[in-house]
Amino acid sequence: MNEEIIKENDFIFLILDERRRWLTQAISGKTFHTHLGLIDFDDVIGKPFGTSVFSKPYDEQGYKFYVLKPYPSDFVRYMGRKTQIIYPKDAGLILMYSNIRPGSRIVEAGCGSGALTCILGTYVSPNGHVYSYDVREKSLKQATKNIQSAKLDDIVSISYGDIINDDISHENIDVVVLDMPTPWAAIKKVNKYLKLSGSVVSFSPTIEQAKKSTFSLQENGFLEINTFELLLRKMQIKKNATRPETRMVGHSGYITFGRKFLDKKNPYRGRIPEEPEYVSFEGMPLRGNKDEN
Ligand SMILES: C[S@@+](CC[C@H](N)C(=O)[O-])C[C@H]1O[C@@H](n2cnc3c(N)ncnc32)[C@H](O)[C@@H]1O
């Protein structure tokens, strides 16, 4: 078997039960304190991810803790935060609908606590890059700390930058990700950074923001403009009581996407009298009365 061995300084996901679980770093000679005893990292280092360990002192405590490899969703839920961070469900949609993959080059604003930045960095590795900007010193500090902990320093650059007003020069960018209060105000500028066929993605808590972003994408000539809201229900599975769990996240945000393209005048249909052409809410060409659309 080809198990992955836990090395010194690796992050581990320690699980006691459904509610008690921690993301921590395995440091030789140190212990992790819980109300049910101490986890000695020397018991963990050198063992495979997926092992279990017992709390010390073994004869008084001796509780079993499971040790898993943390996934991006664990980093997001358990990492330090100074701002509202993105939910894993929304991050998943962003990755799939904007084709973020190894090698992608991404511009992001704002980085906030760096939760989404860590996910983007993980998915563009090993040869892509994330250029992430924010205007708040607190966010920049927290995001830098989280990026360093996730060992993504080579893949992610965190810098001060106002994506709306500063001239941050980039070209050949695959995806621009905007998680900030006024994404629509940045669309004209970030359009210049994007490759043809590349995407702008914006995440906004309110529908008013999603509408403004949609109209701005339309005005700037984007195609395939779509907004989604994703609801995720966890199931309670029991022998005779299987149903959705009582509590769920009712709302996190709306995610709006748009694709950059090169518009050309059609030389073949030019002789046909021009009908007025309008664009639908999704950015597709429509003919007829603008007021009907
Ligand atoms: C909701 S937080 C982003 C959370 C982040 N996606 C995460 O997962 O942790 C919004 C961030 O946008 C930043 N921001 C606001 N306006 C900005 C601008 N014009 N340029 C860059 N960042 C901006 C704020 O300072 C704040 O840190």
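Residues numbered from 1 in each chain as written. Predicted model: local features only at pLDDT ≥ 70, side-chain atom pairs only at ≥ 80, totals over all residues. Heavy atoms only, no water.

**Comments concerning the packing of aromatic side chains**
Centre-to-centre distance and the angle between the planes together describe a pair of aromatic rings.
Inference 1: Inspection of the entire model under this criterion finds 6 aromatic pairs.
Inference 2: Here a set of aromatic residues connected by ring pairs shows up, and it is made of W22, F32 and F65. (Phe/Tyr/Trp six-rings, centres within 6.5 Å; stacked < 30°, edge-to-face > 60°.)

**A closer look at the environment of V190**
Inference 1: Relative to the helices and strands, V190 resides in helix α5 (residues 187–191).
Inference 2: Judged by relative accessible area, which is 0%, V190 ranks as buried.
Inference 3: Separated by 26 residues in the primary sequence, V190 and I164 have C-alpha atoms spaced 8.5 Å apart.
Inference 4: Beyond its immediate chain neighbours, meaning those up to four positions away, V190 contacts I163, V176 and V200. (Helix = DSSP H or I, 4+ residues; strand = E, 2+ residues; numbered from the N terminus. Buried < 20%, exposed > 50% of the residue type's maximum accessible area, 1.4 Å probe, protein only. Contact = heavy atoms within 4.5 Å.)

**Concerning the sheet that holds strand β6 (residues 64–68)**
In sheet architecture, strand pairing relies on hydrogen bonds along the backbone and comes in two forms, parallel and antiparallel.
Inference 1: Taken in spatial order, the 4 strands of this open sheet run β2-β1-β6-β5, and their pairing is antiparallel. Among the strands making up the open sheet, the edge pair consists of β2 (21–25) and β5 (51–54). The average angle at which neighbouring strand axes cross in this sheet is 30°, direction not considered.
Inference 2: Bridging between strand β1 (residues 11–15) and β6 involves 3 bridges; their strand directions are antiparallel. The partner of I15 across the bridge, within β6, is Y66. (Pairing = 2+ DSSP bridges. Axes fitted to C-alpha atoms, helices over the stretch in contact; angles between N-to-C directions.)

**Quick look at the sheet that holds strand β8 (residues 129–134)**
Inference 1: Taken in spatial order, the 7 strands make up an open sheet running β9-β8-β7-β10-β11-β15-β12, and their pairing is mixed. Every other strand in the sheet has two partners, leaving β9 (156–160) and β12 (223–228) as the edge strands with one partner each. Strand after strand, the sheet turns through a mean of 15° between neighbouring axes, direction not considered.
Inference 2: Where helix α4 (residues 137–149) meets the sheet, its contacts fall on β8 and β9, and the angle it forms with β9 comes to roughly 165°.

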